[in-house]
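# Structural features, examined
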Amino acid sequence: MVGGALQIAGLLVGGIGMIGTFAVTGMPQWRVSAFIENNIIVFETIWEGLWMHCIRQANIRMQCKVYDSVLALSPDLQASRGLMCAGSVLSFLAFMVAIIGMKSMRCAQSSWQAKGYIILVAGLLFILSGAVELIPVCWVASTIIRDFYNPVVNVAQKRELGEALYLGWVAAFCLIAAGAIFCCFCCCCKKTRSYGYSTPTHYPTHSQHLYRKTESSYSKSQYV
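A brief look at the structure comes next. (Residues numbered from 1 in each chain as written. Predicted model: local features only at pLDDT ≥ 70, side-chain atom pairs only at ≥ 80, totals over all residues. Heavy atoms only, no water.)

## Quick notes on the overall build of the chain
Scanning the chain from N- to C-terminus turns up 5 helices and 5 strands. For the chain, the residues scored as buried account for 35% of the 224 residues in total. Within the chain, residue pairs in contact and separated by at least 24 positions form 68% of the contacts whose partners lie at least 6 positions apart. (Helix = DSSP H or I, 4+ residues; strand = E, 2+ residues; numbered from the N terminus. Buried < 20%, exposed > 50% of the residue type's maximum accessible area, 1.4 Å probe, protein only. Contact = heavy atoms within 4.5 Å.)

Structure below.
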C-alpha cells in the first residue's frame, strides 16, 4: 500500500516537472528588460527566450519574432537551447519508463528483479533530466546577474531574471524529487524482499531427537 502511494506520488511529481520543462523550453521570458535609473516608466517590455524575442507595448499589444539564426544568440542561450531540448526528451523518457514500471509491478508473471530495474531506471532518468535542466537555467541566471552589476554594460542592455528561470528551478526540483522517490522505493523494496527471503534455520526432526536424547542422558549422568 505504501509502495503504491510512493509510486503515484513520484509519477505525479515527475509529470509536473516534465510539463514544467516543456513550458520553460518554449517560454520567451528568460530575460526581461530591467527598469533601472531613467527607465522606470517605459511603454515597452522586452522578453528574450531560446527561440524568439517579444516586445510588449503598454500591456496591450505584443509582437514576437523568431530568431533568424542560432548565431544571433548569445553563447549561454545557444547552449541552453540544446540542453533544454535534451532535458525535455529525458524527462519524457523517464515518465514513460515510470509508467511501464508501474504497470509491470501489477503483473504477476514478470520477475520482481526486472520490475525493480525498470523503476530504478526511471528514477535515474528523472534525476538526470533535472540535472540537465539546472545547467542552462543557472548559467543564464548567472550571466544576467553578472551583466546587471557590470558598470561597463549599457543600462538599456541590462536584463532581469524572467519567469521562465524561476519555473525552470521548480521543474528541475520536481524532476529530481521524483527520481529520488523512485530510487528510494526501489531500495526499500529490495530490503523488504531480502528480509522476506531470510528465514530461520530449522534442524531436521531426526537431529532434534538425537540432540534431546544426548542432552537428557548427559543431565542424568551429571545428576548421579
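There's more to say after this.
## Examining the pairing of strand β2 (residues 44–48)
Bridging between strand β1 (residues 31–33) and β2 involves 2 bridges; their strand directions are antiparallel. Each bridged residue has a counterpart across the sheet, and for Val32 the counterpart in β2 is Trp47. In the sheet, β2 pairs with strand β3 (residues 52–57) via 5 bridges, with the strands oriented antiparallel. Across the sheet, Glu44 pairs through a bridge with Gln57, a residue of β3. (Pairing = 2+ DSSP bridges.)

## Comments concerning the pattern of salt bridges
Between side chains of opposite charge, pairing is possible as soon as their charged atoms come close. Counted by the stated rule, this structure contains 5 salt bridges. Linking Asp76 and Arg31 is a salt bridge whose minimum nitrogen-to-oxygen distance equals 2.6 Å. Separated by 45 residues along the polypeptide, Asp76 in helix α2 (residues 75–105) and Arg31 in strand β1 bring together distant segments of the chain. There is no split in this pair, since Asp76 and Arg31 are both buried. A salt bridge links Glu48 to Arg159; the nearest nitrogen and oxygen atoms lie 3.3 Å apart. Here the residue Glu48 occupies a position in strand β2, and Arg159 occupies one in strand β5 (residues 159–161), the gap between them amounting to 111 residues. A residue is classified by how much of its surface remains accessible, and Glu48, at 18% relative accessible area, is buried. With a relative accessible area of 13%, Arg159 lands in the buried category. What you see here is one network of salt bridges that share partners, running through Arg31, Glu48, Asp76 and Arg159. (Salt bridge = Lys/Arg side-chain N within 4 Å of Asp/Glu carboxyl O.)

## Some remarks on the nonpolar core
Among the nonpolar cores identified, the biggest contains 16 residues, and Leu11, Phe95, Ala98, Phe126 and Phe182 are the most heavily contacted of them. Every element with two or more residues in this core is listed here: α1 (2–26), α2, α3 (112–148) and α4 (163–197). Val24, Met27, Leu73 and Ala141 belong to the second largest nonpolar core, which has 14 residues in total. (Core = buried A, V, L, I, M, F, W, Y, C linked by side-chain atoms within 4.5 Å.)

## Some points on the packing of aromatic side chains
Applying the stated criterion across every chain, the model contains 3 aromatic pairs. When the centroid spacing of 5.3 Å and the interplanar angle of 80 degrees are considered together, the rings of Phe148 and Tyr149 count as edge-to-face. Judged by its relative accessible area of 67%, Tyr149 is exposed. Between the aromatic rings of Tyr166 and Trp169, the centroid separation amounts to 5.8 Å while the plane-to-plane angle is 70 degrees, which identifies the pairing as edge-to-face. Of this pair, Tyr166 and Trp169 both sit in helix α4, 3 residues apart, which is roughly one turn of the helix. Judged by relative accessible area, which is 44%, Tyr166 ranks as partly exposed. (Phe/Tyr/Trp six-rings, centres within 6.5 Å; stacked < 30°, edge-to-face > 60°.)

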